[in-house]
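One-letter residues, chain by chain:
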Amino acid sequence: MARVNGSVTRRRGKQRKVALVCAGGGVTGAVYEIGALRALEDLLDRSVLDLDIYVGISGGAFVTSLLAQGISPREIYDAVASRSRSPLGVSAAPLFRLGLGELLRRSRKAPQVVAQALLSALAGDGRNAYDLLLSVFEFLPAGLLDNSGIQEFLAGLYHSRGRGDHFDQIAKELYLVAVDLDSGESVAFGEKGRRDVAVSKAVQASTALPGLYRPVRIDGRDYVDGGVKKTAHINLAIRHGADLVICINPIVPILNDTLHGPLGGHLSNKGITYVLDQVLRITLHGRMQYGLERYQSEHPEVDILLLEPTRDDMRMFSYNIMRYDARQELAVDGYRSVLAAFQKNRSTYARLLKRHGIRMQDPRELPDSPPVHPYHSKLARALGSSLDILASRLRGRGAA
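Here the structure is a predicted model, which means the values were calculated and not measured. (Residues numbered from 1 in each chain as written. Predicted model: local features only at pLDDT ≥ 70, side-chain atom pairs only at ≥ 80, totals over all residues. Heavy atoms only, no water.)

Asks: Provide a residue-level description of the overall build of the chain, including the pertinent values.
Replies: Helix and strand counts for the chain come out as 14 helices and twelve strands. Counting only residues that meet the buried cut, the chain has 50% of its 400 residues in that class. Here the analysis covers contacts within the chain between residues at least 6 apart in sequence; of these, 79% occur between residues at least 24 apart. With an accessible surface of roughly 18700 Å², the chain has 55% of that area assigned to carbon and sulfur atoms. (Helix = DSSP H or I, 4+ residues; strand = E, 2+ residues; numbered from the N terminus. Buried < 20%, exposed > 50% of the residue type's maximum accessible area, 1.4 Å probe, protein only. Contact = heavy atoms within 4.5 Å. Areas by Shrake-Rupley, 256 points an atom, 1.4 Å probe, with all protein chains shown as cover.)

Asks: Give a description of the side chain of Arg38 that names residues and reports values.
Replies: Along the chain, Arg38 falls in helix H1 (residues 26–43). When its relative accessible area of 7% is taken as the criterion, Arg38 is described as buried. Not counting residues up to four positions away in its chain, the partners in contact with Arg38 are Pro73, Arg74, Tyr77, Tyr335, Pro370 and Pro371.

Asks: An account of the pairing of strand E11 (residues 244–248) is needed here, citing residue identities and associated values.
Replies: Counted residue by residue, E11 has five buried out of five residues, so it is predominantly covered. Here E11 shows a buried face lined by Leu244, Ile246 and Ile248 and a second buried face lined by Val245 and Cys247. Here strand E2 (residues 18–22) pairs with E11 via five bridges, running parallel. Paired with Ala19 across the bridge in E11 is Val245. Strand direction decides the pairing type here: E11 and strand E12 (residues 303–307), joined by five bridges, are parallel. From the neighbouring strand, Leu244 faces E12, where its bridge partner is Asp303. This β-α-β element, E11 to helix H10 (residues 272–298) to E12, shows right-handed connectivity. (Pairing = 2+ DSSP bridges. Right-handed = clockwise from strand over helix to strand, strands pointing away.)

Asks: Break down the pairing of E2 for me, citing the residues and quoting the values.
Replies: Of all five residues making up E2, five are buried, and the element is well covered by its neighbours. Going residue by residue along E2, you find Val18, Leu20 and Cys22 tucked away on one face and Ala19 and Val21 tucked away on the opposite face as well. Sheet analysis places E2 next to strand E3 (residues 53–57), joined by four bridges and oriented parallel. Across the sheet, the residue bridging to Cys22 is Gly56, located in E3. As a crossover connection, the stretch from E2 through H1 into E3 is right-handed.

Asks: Describe in detail the nonpolar core, supporting the description with residues and values.
Replies: Membership of the largest hydrophobic core comes to 70 residues, with the highest contact counts inside it found for Leu20, Leu40, Leu44, Phe189, Leu307 and Phe342. Listed in part, the 23 residues of the second largest apolar core include Val177, Cys247, Leu292 and Ile304. (Core = buried A, V, L, I, M, F, W, Y, C linked by side-chain atoms within 4.5 Å.)

Asks: Give me the lowdown on unusual backbone geometry, citing residues and values where you can.
Replies: Backbone geometry at Asp219 places phi at a positive 50 degrees, although glycine is not the residue there. Among the secondary structure elements, Asp219 is positioned in the loop between strand E9 (216–218) and strand E10 (221–225). A positive phi is found at His233, a non-glycine position, where the angle reads about 55 degrees.

Asks: I'd like to hear about helix H8 (residues 199–206), residue by residue, with values.
Replies: At 3.6 residues per turn, the α-helix brings residues three or four places apart onto the same side. Counting buried positions along H8 gives seven out of eight residues, so the element sits mostly inside the fold. For H8, the full list of buried residues reads Val199, Ser200, Ala202, Val203, Gln204, Ala205 and Ser206.

Asks: Any chance you could break down the pattern of salt bridges for me, citing the residues and the numbers?
Replies: All told, the structure shown has 19 salt bridges when counted by the stated rule. The partner of Asp50 in a salt bridge is Lys172, and the shortest N-O contact between them spans 3.7 Å. Taken as a pair, Asp50 in the loop between H1 and E3 and Lys172 in the loop between helix H7 (148–160) and strand E6 (173–180) lie far apart in primary sequence, 122 residues in all. The exposure class of Asp50 is buried, given its relative accessible area of 11%. Glu75 is the partner of Arg161 in a salt bridge, and the nearest nitrogen-oxygen pair spans 2.5 Å. Separated by 86 residues along the polypeptide, Arg161 in the loop between H7 and E6 and Glu75 in helix H3 (residues 73–81) bring together distant segments of the chain. Each of Arg38, Glu41, Asp42 and Arg74 takes part in one network of salt bridges that share partners. (Salt bridge = Lys/Arg side-chain N within 4 Å of Asp/Glu carboxyl O.)

Pasting the structure below:
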């Protein structure tokens, strides 16, 4: 599915900027975005590596940080689709680490907490068994898992490519969104005053899904998943001068046919996990729709191209958002989803992109899924990314 904000007026006296915004969606969302970006790399005459602004939220922060460092969508896609044990040439740090240390420290409070709850119940102050159960949560840690493996993997990856791990060492504009847990405010690492944070650490903060991962502490402040407050933060790209925003949103609610659909009835029949997953998707997508309507009203001079799965995409709905072992088919699904959107809206997209000096290839000429060619050396990776940018610029000049 895709949605377009029509442009009415153009900003004058400035160079046009194209921004890429990758919304949150956990592991499966990030993999979908990788497939979508692989399709855009084939469809457009401008490389995804050659855009002006990158905004990432949650899983999208992981993806955009790779692009801003010059790592090609082709290489990222190949690493995901090939199921390599060393994705992108770097040994993968575990993404899921049990926070056993904090759990043990907090569990020491258990006898005291339970004893107080029991005494209150026996004293007849109105507390019941449900209150006793809730008291147990007092000694649970702030998050069941630790996502420091994300930071370690990215820091190692940047180092292996000879790239810096700070915003001032990146040529592109990169903004990674997290939410300050204590103030409730969104923070964009990469903006003025927030550039002294390691990029890998900012990604770790943006991907700290509350309840699953414990908050990430940076300079004395605790941060959680950037999607907690807004789904995509398109306004961040607009505020930094984007004239065209390409937004990839991987999470949409399923449109369930209770009579003839593949689920064979109501979602509630499938249990609480399906109910909670659908409610989360409804909430995130509702915020996205509200934001688009607001931006269309407040910024008619900006074009917004939204790419997301169709409402009947059972493959995206069938997997938990933290499911990693389904990455190969979800990457293919992201690729095919974008191809289908461009086929359906070919003339509309062509006109919109042309206003920003971008031309597109006929999506009907592209394969149903791209070939996978994993890189086997650092030189091949560096050369591949450089050639992607060069080919993009040559195509752009040829079309002008």
